[in-house]
Amino acid sequence: MAAFAGKTRTTSAHGPASAKKAFKAAPSSSKPSSAKPTPSSASASAPPKKPYVKSSGAPVVAGKPAFEKESKQEYEARKKRKAEEDAREPEKPKVTNSLLNAPEEIDFPRGGGTGLTQVEVYEAQLEGQKEAMEEDTEREIQTEVVQDKSKAKRRKLEREAGGAIKEKNLLPKDAFRVEHLNYKRLVPGTKVLAQVILVRPLELIVSLPNQLLAHIPITNISTEYTARLEAAGEDSSSEDEDESDSEEGETKTGGLPALNKMFQEGQWVSAIVMDSKTNDSKAKLGGREGDENVRASRRVELSLEPEKVNEGIARGDLKAGFTLTSAVKSVEDHGYILSLGLPSLTSFLPFKEAKKLQPTRLEVGQIVACRIKDVSENGRTCNVTVGKADVTGSLLSTAASITSILPSTLVTALVTATLSSGLNVKFFGYFDGTVDLFHLNGLDPEKDFKVGQKVKARVLWDSLATTPKKFSLSLNRHVLTLGVKGEAFGEDEEEETLGQRFPVGRTLEDVKVVRMDDEWGLTCEVVEGEAKVAAFVHISRITDDHLASVPKAGPWKVGSVHRARVIGYSALDGLVQLSLQPSVLEQSFLRVSDVKVGEVIKGTIKRLTDSALFVSISGNVDGVVWPMHYADIKLKNPEKKFKVGASIKARIYSADPIKNRVVLTLKKQLIASELPIVASLADAKVGLITHGTVTKVLDKSVLVDFFGGMRALIPAAEAAEGFTADLSRVFTVGKVIPVRIIAVDSTTGKLVASARQAHETQASAEETTDVAIGDVLSGEISALHETNLVLSLRPSGVKALMAYATLARHRKTTVELLRAELEKGQSLDDLVVVSKNAEKGFVIVGLVPSKAAKAKSASENVTFASLKVGQQLDGRVCGKVPTGLLVEVSRAVRGRVPRTEISDDFGTLETPATAVGAQVRCIVLSLDPEHNRADFSLRPSRLEDGVKPKDPAVESLEDLKPGQTVRGFVKNVAGAGLFVSLGSEITARVLIKELFDEFVKDWKPRFVVGQLVEGKILSVNKVSSQVEMSLRKNAVAKATTVEIGDLAKGQIVTGVVRRVETYGAFIRIDGSNMSGLCHKSKVTDDEGTAWTEFVHEGDKVKAIITEINTETNKISLGLKSSLFPEGDSDDDEESGSEDGSEDEEMDDGEDDDSEDDEQDDGEDDDDMEALANASDSDVEFEDREVEIPVASTSKLASVAKTAPLAASAGFNWDGAESEGEDEEAAEASDEEEEETLTVPGAASTSTSTTPSTPGAPTSIADFERLLLGSPNSSYLWIQYIAYFVALSQVDKAREIGRRALKQINFREEQEKLNVWVALLNLENTYGNETTLEELFKEAAQSNDAKTIHLRMIDIYERCGKFEAEEELFQKLVKKFGQSSKAWTLFAQFYLTRGRTAEASALLSRSLKSLEKRKHVKTISKFAQLEFKLGDAERGRTLFEGIMDSYPKRLDLWFVYVDMEIKQGDANRVRQLFNRILANRLSSKKGKSVFKKWLSFEKEAGDEAGVEACKTRALAFVESLA
């Protein structure tokens, strides 16, 4: 026993002596034995009073164990001797431990080490061995005198065990022990190969060698992915909580990919240990952890960051064939930039090469294993490949530095020693490694390998705790190929992995022990068919009792066969983990995922709380019982029924492995139920009858829960046999009821059930066979329900039902009078059976004559598939809804009758003929096969020919004309007016101003939904399908306008240019509310001149329609003369554009003399001569007239304004009519491929895009779906806002606007601005001054303040709030006095309203605030405004002042000339041209002047003027010569 206790697993440095007393080497060796007996000699001569006890491990002092109490004299004597020895002993120099002189670290059970030198350690070993031998001799003598044979036998076993351990620790020369990976060796910095076994939302669970587990947090993937996480967190920090939740696998925010998009189960990764806990701290990450693997992985935290994993790689080892880990740093135009984690070294991966790894694109931050193909000469870049075959098959031939060897490196190793526990190998000539038994690919280390043999192996992990550093390698096939372990050793990998073949919880009957490790566990073999599968049983899983070591001669000896249970699977080792513990074998299930829903079990009550009852059902698995499931009825005092420790019978109601939750039910009805259960969507079959628990009672439906968390909805019509107004009287929460599944939606997972069709009755199918359809019988009233009579037929006693309305019509009375007459027990004759329900055991009866019975019987066979539009059917009114009636034509078919289809006279709807229960004749109006919906009509005019209706049916917009008087029913009372239903598909809008002839302040109480109203049609818009209606008596219909259907391709129209963009001009067609787009390529035939010089805002133009798209309501126009038929081109139409000088900025006093050069070539002279000699028909000149539109304030500076957004309620964001300009702009942008265009969006001229959907969204679901794909589209968001405005839900519209501002990416500034402008328009229309002011301030803080001010001014201008506009202008010029645009817009505002004095004062104020370089531009603008809107004479004064200071600014001269041309005074214009030519001009400038002059003379002058111009031009050319 002493020998067994004194030895360790690695070395004899710590012997028995070192474990028992302090080591003193020098005194004991120099003194004779007589002077100071050693402890060993003392022990031999004088046996201790008590036998030596090994297990205590107590140190020995002066020949006796420390636990024996010394006498005082003995203690004093020993203390004195020790002091004398210390005094004689010379002082030893201190020896500093270092990594160079430190002894090899040992694997001692309780840790520890030594601070002694190597010489002292060697002396201690010798003394320990000597002392151990003496004690062994002593114990052999003592054993002989021991009478207790059992003790002698036990000590014999101990000596044998000690000898075995001693023998095991004996290693061949130069060999070293094969170490297993454990938590102590997983110190921070250890690099290890891992395999992903579970991908969770916030972490990866990985398998490590030797059956260990670890986790990789989401923040340890890569630095790039962590940066994206932080950015996404900042972006989503202000989002609502209900929008932050996402399904697993989906991106979180900003396109951030989830972990399951970048990692797959079975993927291999190289990692580095960041933290390791020797004891499981039970730390949890991300909520409740139900997986045992997740809990076990908490002890080790790893990182995949290339900067840490690749740390230590020598630059010289980065050669072709070297494999390492990288991360995607960025995505470029043609590939990816990879970060290798090494300073100043990156790699480029082309898209084509990346597809070898995966077909989808790589994400920034994704980890990629790669192999170096070549390194550039400067060593800064390298080319890599990421194909799996390239990476896994890359064999590293050499490495200069030991730190360059990474996990997953494939090497060729040389076997240096074969041991029973594995192999010793050496690779690259000087690096040592080991291969343990579980990584030999099923081979025997001593039989199948020889010293000197070369093997191919992959590095698993490195050992930082050993000196020198060693590596652990693997020869397993699935590790070498970086695949998944197959079913059997030596065979090809199968599709079904070992983990799938041996699921947790499976019981194996014949498990054979093939090897025993007395300190670790049992290696077993499982025979599965012809395959043999390796398995392992840890020492703690062998038996329920504690085992310090596995006895070789015990029941688990090699060759023994046992019954075992699978408790896990080590993916990296390819081992099945088993347990032989009886307690585990007896458990019903080991995990929550093994629980079978619906199984009846027994459990033990653990505790009872206010919210639940907790029950222990099997091992570590507990169940919870919610109060609703305590019993069939609600318990007032559950604590009296449930006692801790009591045994109860329960049924598993649901199981959630993710939450580690098992829900039980104690309801006896559910436990004893023999009906099939519905535990999943696959179990839900139409027609299946099962038990459900009522969980919620609503007004018009009941919710029931099934097993497995399934839920179904029971509509009110299917809740009971008769109509029930209050469902809570029939159903109580917690009640168990039988239901029949009547509908299953596999897409949404929704179930619809019926309690009415599942009621069990005493009558059976056999009982109903006594009657047949058509039999005429008599019966007795057995019950009176709300809508039906319950009869008992004679003589069979079969239950029958008959509607009150049927009997009332037969007796020619009303239902109310009939019910007063009927009593229980009365007899009824002439009953005819019209239908049978054999399953429920009842029949439906009518009354003779049989005509009604036959009609009823025929209608019972009607199905939805058999319905056809126009078909006439008999039915029964079964309910009323706000929009009309519900009619049942058969058990399987019900339909809706719109209120406008109940009668031909809207004033006679409420009649007994249409009361609930009445039999009616109807005709099929329309069918919706997708939703199984049908619309019926009860109008006599549809059922019979020749009936003239008082209120004709309105089926389409063609039936309505402006001025027509119609009647309809109020469909909705909104904030802006009413919506009136005129037909089943036609709804008209009535604005507040059209409700009454007189003013009514509180008008809403005068209208209710369903109220009959009469009014006049004001307008019908067939394009937008909008109908305007008025209830006023003196209402006047609006004039009709041209619709898109009235136009044709090639038709010539006139219009006004509304807006000029970079891609073309928008032209409003006269006499309509439509606009068309003239692309810039269709403006002019003159290719040498910019097209913008021919069109500008406000121009009256003649255009030809080149294309019409009625589906998208888009019109394309052309202005080119070549597009018009001969004789129709309008050459006299004036079209021009503002001169580009408007945007030029030049310092005062700086004359532009740069163009007055003397180097003009002869070509200009030739042009001038041609100009002088040209005839009228030879040359055409373009007009460079500058025109400033004055229709609205915003047009002067081309302020981008909100485009009109059509809504069904007619709400427009700019206060103007909807013209569909946005769609046209988007189309134009598609046509322009050569340059990037700024396309107007829904709210401004921005980069907004129109959603590419076949049709516009018409429901909330449509909008949400589109926004999911285009969350940054302001167009969609504003359409969404308009949708709710159309429904008069202004608050909801505001909410959508706020949501848009939060969800649109912060980089999309223009998109956010569009939404802000839309909200300002909304608040201006529906809010008050306070809310508008608050929103305006908030918008100015969130956007460019100047832009917001200009947008708000434009809003005021459109809605006519001029006082507020002037006040805002005052604030604008005060806050942004350096802006020339602010001053000119303010001046235009004053001049438009005739306030010339205020406008004149603004000029002097502006020049004081503006920079000097902006003075010329501003004065020019003011002068143009004076010409357009004010006093032309004052405009001339301003221009004269400018020209006096800048006589050579030809652009300013041309603006002056254009203004005078507009005034129509030809003499003044000619004087200006003469003044221009009086200056010294270059040939180019002269050509421009004469070209413009000649154009003027041809259009507004006379023949004399033309000749004068040519004469002057010829003279100019001669002067240049």
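Residues numbered from 1 in each chain as written. Predicted model: local features only at pLDDT ≥ 70, side-chain atom pairs only at ≥ 80, totals over all residues. Heavy atoms only, no water.

Another point: the overall build of the chain. When its secondary structure is counted, the chain shows 40 helices and 52 strands. Within the chain, the fraction of its 1521 residues that count as buried is 46%. In the chain, of all internal contacts separated by at least 6 residues, the share reaching a separation of at least 24 is 62%. (Helix = DSSP H or I, 4+ residues; strand = E, 2+ residues; numbered from the N terminus. Buried < 20%, exposed > 50% of the residue type's maximum accessible area, 1.4 Å probe, protein only. Contact = heavy atoms within 4.5 Å.)

Our next topic: the packing of helix H35 (residues 1415–1429) against helix H37 (residues 1450–1463). Contact geometry of H35 with H37 gives a least axis separation of 10 Å together with a crossing angle of 5°. Between H35 and H37, the angle falls in the class roughly parallel. Taking contact as the criterion, the partners of Val 1416, Ser 1420, Gln 1424, Phe 1427 and Lys 1428 in H35 are, on H37, Leu 1452, Val 1455, Tyr 1456, Met 1459, Glu 1460, Lys 1462 and Gln 1463. Of the residues contributing to the contact of H35 with H37, the split by class is 6 nonpolar, 3 polar and 3 charged. (Axes fitted to C-alpha atoms, helices over the stretch in contact; angles between N-to-C directions. Parallel < 35°, antiparallel > 145°, perpendicular 65-115°, else oblique. Nonpolar A, V, L, I, M, F, W, Y, C, P; charged D, E, K, R; others polar.)

All told, the structure shown has 30 aromatic pairs when counted by the stated rule. Judged by centre distance (5.4 Å) and plane angle (85°), the rings of Phe 438 and Phe 536 are edge-to-face. Residue Phe 438 is found in the loop between strand E15 (431–436) and strand E16 (454–463), and its partner Phe 536 is found in strand E20 (residues 531–538); the two are separated by 98 residues along the sequence. Taking the relative accessible area as the measure of exposure, Phe 438 reaches 12% and is therefore buried. Taking 5.4 Å as the distance between ring centres and 10° as the angle between the ring planes, the aromatic pair formed by Phe 1473 and Trp 1493 counts as stacked. Within this pair, whereas Phe 1473 is found in helix H38 (residues 1466–1478), its partner Trp 1493 is found in helix H39 (residues 1483–1500), the two being separated by 20 residues in sequence. Comparing Phe 1473 with Trp 1493, the two get one shared label, buried. Three or more aromatic residues joined by ring pairs form one cluster here, namely Phe 427, Phe 428, Tyr 430, Phe 431 and Phe 471. Its guanidinium or amino end placed over the ring of Phe 996, Arg 1006 lies 5.2 Å from that ring's centre, counting from NZ or CZ. (Phe/Tyr/Trp six-rings, centres within 6.5 Å; stacked < 30°, edge-to-face > 60°. Lys NZ or Arg CZ within 6 Å of the ring centre and 35° of its normal.)

On to the side chain of Gln 195, then. Within the secondary structure layout, Gln 195 lies in strand E3 (residues 191–200). Dropping the residues within four chain positions of it, Gln 195 is found in contact with Ile 205, Val 206, Ser 207, Gly 266, Gln 267, Trp 268, Gly 483, Val 484, Ala 571 and Leu 572.

Overall, mixed pairing links the 5 strands, which are arranged E23-E24-E25-E27-E26 in a closed barrel. Between one strand axis and the next, the sheet turns through 50° on average, direction left out of account. Pairing of strand E26 (residues 647–656) with strand E27 (residues 661–665) involves 5 bridges; the strand directions are antiparallel. When the bridges of E27 are listed, Ile 652 appears paired with Leu 664. (Pairing = 2+ DSSP bridges.)

Turning our eyes to something else, we now look at the sheet that holds strand E29 (residues 701–705). The strand order around the closed barrel formed by 5 strands is E28-E29-E30-E32-E31, and the pairing between neighbours is mixed. Within the sheet, the average angular offset between the axes of one strand and its neighbour, ignoring direction, is 55°. With 5 bridges connecting them, strand E31 (residues 736–745) and strand E32 (residues 750–754) associate as antiparallel partners. In the strand pairing of E32, Val 744 is matched with Leu 751.

Let us now look at the packing of helix H31 (residues 1345–1359) against helix H32 (residues 1362–1375). For the pair H31 and H32, interaxial distance at closest approach is 9 Å and the crossing angle is 160°. With respect to H32, the axis of H31 lies roughly antiparallel. For the pair H31 and H32, the sense of crossing is left-handed. Packed against H31, whose contacting residues are Ala 1345, His 1349, Leu 1350, Met 1352, Ile 1353, Tyr 1356 and Glu 1357, the element H32 presents Phe 1362, Ala 1364, Glu 1365, Leu 1368, Phe 1369, Leu 1372 and Lys 1375 at the interface. Taken together, the residues of the contact of H31 with H32 break down into 10 nonpolar, 1 polar and 3 charged. (Left-handed = near helix turned anticlockwise from the far one by under 90°.)

With 5 of 5 residues buried, strand E52 (residues 1114–1118) is to be regarded as a mostly interior element. Residues Lys 1114, Ser 1116 and Gly 1118 of E52 are buried on one face, and the alternating residues Ile 1115 and Leu 1117, pointing to the opposite face, are buried as well. As defined by bridge partners, strand E50 (residues 1075–1079) adjoins E52 across 2 bridges and the pair is classed as parallel. Bridging from a neighbouring strand, Cys 1078 pairs with Leu 1117 of E52.

Okay, the nonpolar core next. Counting residues in each nonpolar core, the largest one holds 86 residues, and the members touching the most others are Trp 1277, Leu 1320, Met 1352, Phe 1473, Ile 1476 and Val 1489. Setting aside residues up to four positions removed in sequence, Phe 1473 forms contacts with Val 1457, Val 1489, Lys 1492, Trp 1493 and Phe 1496. If you look at the next biggest cluster of nonpolar residues, it comprises 41 residues, including Leu 318, Val 386, Ile 405 and Val 459. (Core = buried A, V, L, I, M, F, W, Y, C linked by side-chain atoms within 4.5 Å.)

The subject of this paragraph is the pattern of salt bridges. Two side chains carrying opposite charge are able to pair once their charged atoms lie near each other. Summed over all chains, the structure comprises 52 salt bridges. With a shortest N-O distance of 2.6 Å, Glu 1061 and Arg 1059 are connected by a salt bridge. In this pair, the class of Glu 1061 matches that of Arg 1059, namely buried. Connected via shared salt-bridge partners are Glu 901, Asp 904, Arg 939, Arg 942 and Glu 955. (Salt bridge = Lys/Arg side-chain N within 4 Å of Asp/Glu carboxyl O.)

With that settled, the discussion passes to the environment of Gln 1051. Mapped onto the elements, Gln 1051 comes out in the loop between strand E47 (1026–1030) and strand E48 (1052–1061). You can call Gln 1051 partly exposed: its relative accessible area is 30%. Put simply, Gln 1051 and Ala 1103 are 52 residues apart on the chain and 8.5 Å apart in space, counted from C-alpha to C-alpha. Setting aside anything within four residues of it in sequence, one finds Gln 1051 in contact with Asp 1046, Ala 1103, Ile 1104 and Ile 1105. In terms of polar contacts, Gln 1051 uses its side chain to reach the backbone amide nitrogen of Ala 1048, at 3.1 Å. (Polar contact = N/O pair within 3.5 Å; in protein donor to acceptor, adjacent residues only side chain to side chain.)

On to helix H33 (residues 1380–1392), then. The terminal C-alpha atoms of H33 lie 18 Å apart, and with 13 residues this matches the ideal 18 Å at 1.5 Å per residue to within 8%. Within H33, 11 of the 13 residues are buried, which leaves the element mostly enclosed by the surrounding structure. All of the buried residues along H33 are Ser 1380, Ala 1382, Trp 1383, Thr 1384, Leu 1385, Phe 1386, Ala 1387, Gln 1388, Phe 1389, Tyr 1390 and Leu 1391. In this fold, the buried residues of H33 make contact with H31, H32, helix H34 (1396–1409) and H35. At the C-terminal side of H33, Gly 1394 shows a positive phi close to 75°. (Expected span 1.5 Å × (residues − 1).)

This brings us to the pairing of E16. With respect to burial, E16 is a largely interior element, 8 of its 10 residues being buried. Bridge analysis of strand E13 (residues 410–419) against E16 gives 5 bridges, and the strand direction is antiparallel. Across the sheet, residue Val 411 finds its bridge partner in E16, namely Ala 457. Across 5 bridges, E16 lies against strand E17 (residues 470–474) in antiparallel orientation. Within E17, the residue paired with Val 459 across the bridge is Leu 473.

This part is about unusual backbone geometry. A cis amide bond links Arg 794 with the next residue in sequence, Pro 795, at an omega value of 5°. Turning to its location among the elements, Pro 795 is positioned in the loop between strand E34 (788–794) and strand E35 (799–803). Look at Ser 408: it is not a glycine, yet its phi comes out positive at around 80°. In this structure, Phe 428 takes a positive phi of about 60° despite not being glycine.

What follows deals with the environment of Ser 404. Locating Ser 404 in the fold gives a position in the loop between helix H13 (388–392) and E13. With a relative accessible area of 0%, Ser 404 lands in the buried category. Those residues in contact with Ser 404, other than ones at most four positions away along the chain, are Gly 312, Ile 313, Ala 314, Asp 317 and Phe 322. Engagement of the side chain of Ser 404 in a polar contact is seen with the backbone nitrogen of Ala 314, the distance being 2.9 Å.

In the predicted model, the chain carries a mean pLDDT of 76, and 76% of its residues have values of at least 70. Between residues 91–112, whose pLDDT stays under 50, and residues either more than four places distant or in other chains, the model counts 19 contacts. pLDDT under 50 marks residues 760–766. Its contacts with residues more than four places away, or in other chains, come to 9 contacts. (pLDDT = per-residue confidence, 0-100.)

Relative to the assigned elements, Lys 1302 resides in helix H28 (residues 1290–1303). The class of Lys 1302 is partly exposed, set by a relative accessible area of 38%. Taking C-alpha positions, Lys 1302 is 9.1 Å from Lys 1312, a pair spaced 10 residues apart along the chain.

Inspection of the entire model under this criterion finds 0 disulfides. Residue Cys 370 stays outside any disulfide, its sulfur separated by 7.0 Å from that of Cys 382, the closest cysteine. (Disulfide = S-S within 2.5 Å.)

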